[in-house]
Every structure is written in C-alpha cells, then in structure tokens.
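Residue-level listing of the chains:
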Amino acid sequence: MAVLRTLAPGVLVAGQIDLADLQTARDLGVVRIISNRPDGEEYGQPDAATMADAARALGLDYVHAPVRGMPGPDAVAAIGAALSEGTPVLIHCKSGMRSTVAWALAASQRGQSRDEIVAAAAGAGYDLSSLPL
C-alpha cells in the first residue's frame, strides 16, 4: 500500500500505487487519478492501461500524463485542470516527487504563492525549496 499524503485540500500525492490503493483513494473521496509514472520505468510496476481499467471500474477518472525529468506542459495541465475543477485528485509517480513538482507548477500558474507551495510540499515530505516558481 502506498502512503497517501495531502498537498492541499482535495489533492493527495503518492509514490507508485497499486490496485488496492485505488479503492483507498475512492474511500477518501478522490474522483480522479493522475499517473505521472511512465510505463516500463521499473520492472513489475502496473502499467497505465491496467490501472486505468481498474480505476474506471471503481468509477474513478484516470489520466496518464507521464513525466521523465521535469514535468512538461501535459502533466502540469492535467493537474491544473483538476485544481480548476475542484476535483479531488490523487497524483502519483515512483516516489511522489515528480507529481509534487507538477502540482507545484500548476499551483504557481494558478497564482498560489511560492512560500505556500513550498510549505505545503514540505508538509507532505517533499523539499521544493530549490524549485524556481
């Protein structure tokens, strides 16, 4: 089971999740999963198609916006859309760091202050103090 951490109200982040985590996320009120994990990044990880099918079977939206290195516009836009809609979301990657950075970039684009973003990330266990926002 992954550790689900709160970045902001309605925004959870985690490292790699498994099928059981989808139910946990749903039980916590999440309605959209955003996967920033590229398929095949690590042997044995569930692929996006498998996770998407399982998420949809539970009534969850599923978005695959893979990130390698710094998050690109697709990943930031996917998270930005969830923030704009107020959709309770779980974002994840291998450790949660890339997803946290993508969230930070989306939050910054929405006008959230750098200090608020860095503090929220730190509260979830991610150091974004060197990220230029």
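The residue numbering used here restarts from 1 in each chain and proceeds along that chain's sequence as written. Reporting in this predicted model follows two pLDDT cut-offs: at least 70 for local features of residues, and 80 or more for side-chain atom pairs to be given and counted; totals over whole chains, interfaces and linings ignore these cut-offs and use all residues. Water and hydrogen atoms play no part in the side-chain values, which are based on all heavy atoms of the structure.

This part takes up the overall build of the chain. Segments assigned H or I by DSSP are reported as helices when at least four residues long, segments assigned E as strands when at least two residues long, and all are numbered from the N terminus. A count of helical and extended segments in the chain gives 5 helices and 5 strands. Its helices and strands in sequence order give the chain the pattern β-β-α-β-α-β-α-β-α-α, from N to C terminus. Atoms considered for the radius of gyration are the C-alpha atoms alone. The globule rule reads 2.2 Å times the number of residues to the power 0.38. Since a compact globule built from 133 residues should have a radius of gyration of about 14 Å, the 13 Å found for the chain is in line with a globular shape. Once the C-alpha set of the chain is aligned to its principal axes, its extents read approximately 35 × 30 × 25 Å. Residue pairs at least 24 apart in sequence account for 69% of intrachain contacts in the chain once pairs closer than 6 positions are excluded. Per-residue and other accessible areas follow the Shrake-Rupley method at a 1.4 Å probe size, with only the shown protein chains counted as cover for residues. A total of about 6300 Å² of accessible surface is found on the chain, and carbon and sulfur atoms cover 53% of it. Charged residues are defined here as Lys and Arg on the positive side and Asp and Glu on the negative side; His and the ends of the chain fall outside this count. Where a charge lies is defined by one atom per residue type, namely NZ (Lys), CZ (Arg), CG (Asp) and CD (Glu). Here the chain carries 10 positive and 14 negative side-chain charges, and the mean point of each set is 2 Å from the other. By the convention used here, residues are in contact when the closest approach between their heavy atoms is within 4.5 Å.

With that settled, consider the pairing of strand 3 (residues 32-35). Relative accessibility under 20% of the residue-type maximum defines a buried residue, over 50% an exposed one, and the middle range a partly exposed one, all with a 1.4 Å probe and only protein chains included. Residues R32 and I34 line one face of strand 3 and the alternating positions I33 and S35 line the opposite face, and both faces are buried. By this definition, two strands are paired if DSSP reports at least two bridges between them. Pairing of strand 3 with strand 4 (residues 61-64), which is carried by 4 bridges, proceeds in the parallel orientation. From the neighbouring strand, R32 faces strand 4, where its bridge partner is D61. Crossover handedness for the path strand 3 to helix 2 (residues 48-57) to strand 4: right-handed. Bridge count for strand 3 against strand 5 (residues 89-92) is 4 bridges, and the pairing is parallel. Looking across to strand 5, one finds that R32 is bridged to V89. Here, the term right-handed applies to a crossover whose path from the first strand over the helix to the second runs clockwise when the strands point away from the viewer.

Taken by themselves, the reported measurements are silent on function.
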